[in-house]
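Spelled out, the chains give:
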Amino acid sequence: MPSVYSLVDHQLGRLVSESAFERKDPGSNPAADMVDAARNTAWDLVDERSCVMFIRCVVLVLASFCLSGCSGQSNQGAPMEILITAKAEGLSDLLLWLNISGLDSVLSQEGPFTLFAPTNSAFSSLPPTVVWKLKSDDGFLRSVLQYHVIQGNESVVDLASQGKVTSVQGEDIEIFVGNDSSGRSQLKVRQKIADATVVLPNLPSSNGIIHIVDRVLLPPSLQTEPNLEDLLKKEGNLNTFLSLVETAGMLDVLREGGPLTLFAPTDEAFQAVDPSIMRQLTREARLLKAVILSHIVDKDLSSFDLRTKTVELNSLGELIVFRVVGSAVLVNTARVIKEDLVAQNGAMHVISGLLLPSILALGSQGPPSRSSLYDKLAMSGLTLYQGLVKKSGISLAFQNGDPLTIFAPSNKAMSLLPREEVRKITEDIDHLRKVVMRHAVLEKVATSDFVPDDLKSNMAGEQTRLNVYKRYRAGDVFTVNGVPLSVLDERGKNGVLHVIDGVIPASNRSILELLQADLRFSTFLSALQASDLISTLNSEGPVTVLAPTAEAFAALPDDVLFSALQDVGLLTDRVSTHIITRDGTNQTLFSSGICWTSFSSVNNVTLRSGVDSEGSILVSAGKDRVTKVTEGDIVATNGVIHVVDTIL
């Protein structure tokens, strides 16, 4: 029976080479040791059938080892409790949510429990609407987290053999074995949009076991159909177009807008475009937006429509032409290579080339809109802010009446608010109305109307500060109370809509009042008082203050601090370097405007700014005199405060 034994020997060797084991120390491989023992035993068996049955058992055991892989912990020592194990693995986001929901006390009990633990990056990649609901809805949060927990101690081998288990939340978790790109076995959890993968299995704990997964799991009852962004990601060869949409700040349109039809060019289509044109797209926001709008139609078109219609208007207001040539469907000159990819907010067709706007349309915002600003919020996918407008009871003002300018936060910006603020917005109707109305200016203001430090009245009765910062080659930067605009000049029948990258902060106290209300600036205030600079902070402005904390003063060398305290002139010179008025710059220096520029302090010291490798703003007053902005854009009625960590 040498042929049988040769086959057995080959299969066992292959299992070792493909196993997920890593050597714990040189010369140690448990899979190899098991195979050596199996080979010796197999040769001692007297018949082929016994040999084959024995080898099947060995293969099953080895497959279990291969599937479970190597634990992230050493087997030496007593296992830690689940929550301590999760902390040791750096799962800080999961632990935070468990603490907020109160489920951490459950997982501290005897158990045993099996926990599917999402990575921090899994939480950071959640759709903004899901993050908002986690912060605003305790029932939703608890249901999602409970879906990650199973009663009992279930290894990946146990889970793979069962195929379906019931979570503590009550709904079933569907589990299957798939393969990674190299063909290795991986345990996966079925999800409607994209399956989750167990990236680190079998972490033992004293009260259970942890399997780390690369996605947050949603119960089947809470899962939604994929949107157009999900379809772009899933195809795998549409990454360039997806990246450009993200650069243009238009992901919300693909996530929540609609119904839409998206004609998505492949990565190969972009590779055929001249590199200089691609660079221009990333530099010029209006050009990029025009190109993206050329690929979108504001209605749901199926493959049948593409074959029976001849023309349709795209979102830029230009005609696109459909033709059938043999078995191929052409959109303008691009061939449709994949049809009828259905999303919850429309349809997508993959095309072989780009649909470029005409020269006359470059920089255009599309045809005059017949939609109100309220409707434009939904069409632009700004569903979180639109929902707040509706809940506040002032949606009629956004639909009819006098012209308005709406600065609408993107869904991402809304989801990044602290949980305490989200709860206050959703539970305190007066606070909600203030937040909503702060984003509406009582006149029509296009970006072409922006001038430095232009104060406009908003619906909340506050002043909104508009700024434009001229940038050579990089394009102009527009801000509202320091928050950058990402999508510009969307027109509605009753005004203009701008999408912004944050939520507009309140502006109802002066710089001096803000400094007095914050104990961090007590030493700085004393220095300002001694230097007779308080009146500067009380001026009409605009004033930009680089405010050092008490710790920054305490960090000064003793001789420097003593000299400054003894010499009022020296103290005044030091403190004055941290104040910039209209004489030193033509407008308030918010974070978006302070970078990569120079300006003068009130004592005529030239300050230059830049950004370090971690993205923090640095301000220099000359050699060895550099400070870092640790907190930016504290908005005041007469300017802005940036917290800095050292004295210039």
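Residues numbered from 1 in each chain as written. Predicted model: local features only at pLDDT ≥ 70, side-chain atom pairs only at ≥ 80, totals over all residues. Heavy atoms only, no water.

Section: the overall build of the protein chain
- The helix and strand inventory of the protein chain stands at 30 helices and 28 strands.
- Counting the 648 residues in the protein chain, one finds 50% classified as buried.
- Here the contacts in the protein chain between residues at least 6 apart in sequence split such that 64% fall between residues at least 24 apart.
- Accessible surface for the protein chain amounts to roughly 29,900 Å². Of this, 51% is attributable to carbon and sulfur atoms. (Helix = DSSP H or I, 4+ residues; strand = E, 2+ residues; numbered from the N terminus. Buried < 20%, exposed > 50% of the residue type's maximum accessible area, 1.4 Å probe, protein only. Contact = heavy atoms within 4.5 Å. Areas by Shrake-Rupley, 256 points an atom, 1.4 Å probe, with all protein chains shown as cover.)

With respect to the sheet that holds strand E18 (residues 463–469)
- As summarised here, the arrangement of the 7 strands in space is E16-E15-E21-E20-E19-E18-E17, forming an open sheet in which the pairing is mixed. Only two strands of the sheet have a single partner each, and these edge strands are strand E16 (440–441) and strand E17 (454–457).
- Bridge count between strand E15 (residues 404–409) and E16: 2 bridges; the pairing is antiparallel. Each bridged residue has a counterpart across the sheet, and for Ile406 the counterpart in E16 is Ala440. (Pairing = 2+ DSSP bridges.)

Digging into the sheet that holds strand E1 (residues 113–118)
- Pairing in this open sheet of 7 strands is mixed, and the strands run E2-E1-E7-E6-E5-E4-E3 from one edge to the other. A single partner strand is all that each edge strand has here, and the edge strands are strand E2 (149–151) and strand E3 (164–166). Averaged over all neighbouring strand pairs, the angle between strand axes comes to 35°, with direction disregarded.
- For E1 and E2, the ladder comprises 3 bridges, and the chain directions are antiparallel. Within E2, the position partnered with Phe113 by the bridge is Gln151. (Axes fitted to C-alpha atoms, helices over the stretch in contact; angles between N-to-C directions.)

A closer look at the pairing of strand E6 (residues 196–205)
- With 7 of 10 residues buried, E6 lies mostly within the body of the structure.
- As paired elements, strand E5 (residues 185–189) and E6 share 2 bridges and run antiparallel to each other. By the bridge assignment, Lys188 is partnered in E6 with Thr197.
- Between E5 and E6, which pair antiparallel one after the other, the connecting turn spans 6 residues.
- In this sheet, strand E7 (residues 208–213) lies alongside E6 in antiparallel orientation, the contact comprising 5 bridges. If you follow Ser205 over to E7, its bridge partner there is Gly208.
- Between the antiparallel neighbours E6 and E7 lie 2 residues.

Some points on the nonpolar core
- Counting residues in each nonpolar core, the largest one holds 61 residues, and the members touching the most others are Leu232, Leu262, Met348, Phe398 and Ile406.
- When residues in this core are grouped by element, the largest group, 6 residues, is from helix H16 (residues 285–293).
- Once you skip the residues sitting within four places of it in the chain, Met348 turns out to touch Leu228, Leu231, Leu232, Glu235, Leu238, Leu262, Ala264, Glu339, Asp340 and Leu341.
- Grouped together as the second largest cluster of nonpolar side chains are 28 residues, Leu91, Leu94, Leu115 and Val149 included. (Core = buried A, V, L, I, M, F, W, Y, C linked by side-chain atoms within 4.5 Å.)

Brief notes about the side chain of Ser415
- Following the sequence through the fold, Ser415 ends up in helix H21 (residues 411–415).
- Only 2.8 Å separates the side chain of Ser415 from the backbone oxygen of Lys412, close enough to count as a polar contact.
- Excluding residues that lie within four positions of it along the chain, Ser415 makes contacts with Pro128, Val131, Trp132 and Lys135. (Polar contact = N/O pair within 3.5 Å; in protein donor to acceptor, adjacent residues only side chain to side chain.)

A closer look at the confidence of the model for the protein chain
- Per-residue pLDDT for the protein chain has a mean of 84; in total, 84% of the residues score no lower than 70.
- In the predicted structure, residues 1–31 sits below a pLDDT of 50 and forms 46 contacts with residues beyond four places in sequence or in another chain.
- Segment residues 52–76 is flagged for pLDDT under 50; beyond a separation of four residues in sequence, or across chains, it makes 54 contacts in the model. (pLDDT = per-residue confidence, 0-100.)

Observations concerning the packing of aromatic side chains
- Applying the stated rule across the entire model yields 3 aromatic pairs.
- Seen from their ring centres, Phe263 and Phe322 are 6.1 Å apart, and the 40° between their planes marks the pair as tilted. With Phe263 in strand E8 (residues 260–265) and Phe322 in strand E11 (residues 319–325), the pair connects residues that are 59 residues apart, well separated along the chain.
- One cation-aromatic arrangement involves Arg190 over Phe176; the distance from NZ or CZ to the ring centre is 4.0 Å. (Phe/Tyr/Trp six-rings, centres within 6.5 Å; stacked < 30°, edge-to-face > 60°. Lys NZ or Arg CZ within 6 Å of the ring centre and 35° of its normal.)

Digging into the pairing of strand E28 (residues 639–644)
- In terms of burial, E28 is largely enclosed, as 6 of its 6 residues are buried.
- Neither face of E28 is left uncovered, since the one carrying Gly639, Ile641 and Val643 and the one carrying Val640, His642 and Val644 both have all their residues buried.
- When strand E22 (residues 543–548) meets E28, the two strands line up parallel, connected through 6 bridges. Within E28, the position partnered with Thr544 by the bridge is Val640.
- Looking at chain direction, strand E27 (residues 626–636) and E28 are connected through 5 bridges and run antiparallel. Each bridged residue has a counterpart across the sheet, and for Val635 the counterpart in E28 is Val640.
- Between the end of E27 and the start of E28, which pair antiparallel, lie 2 residues.

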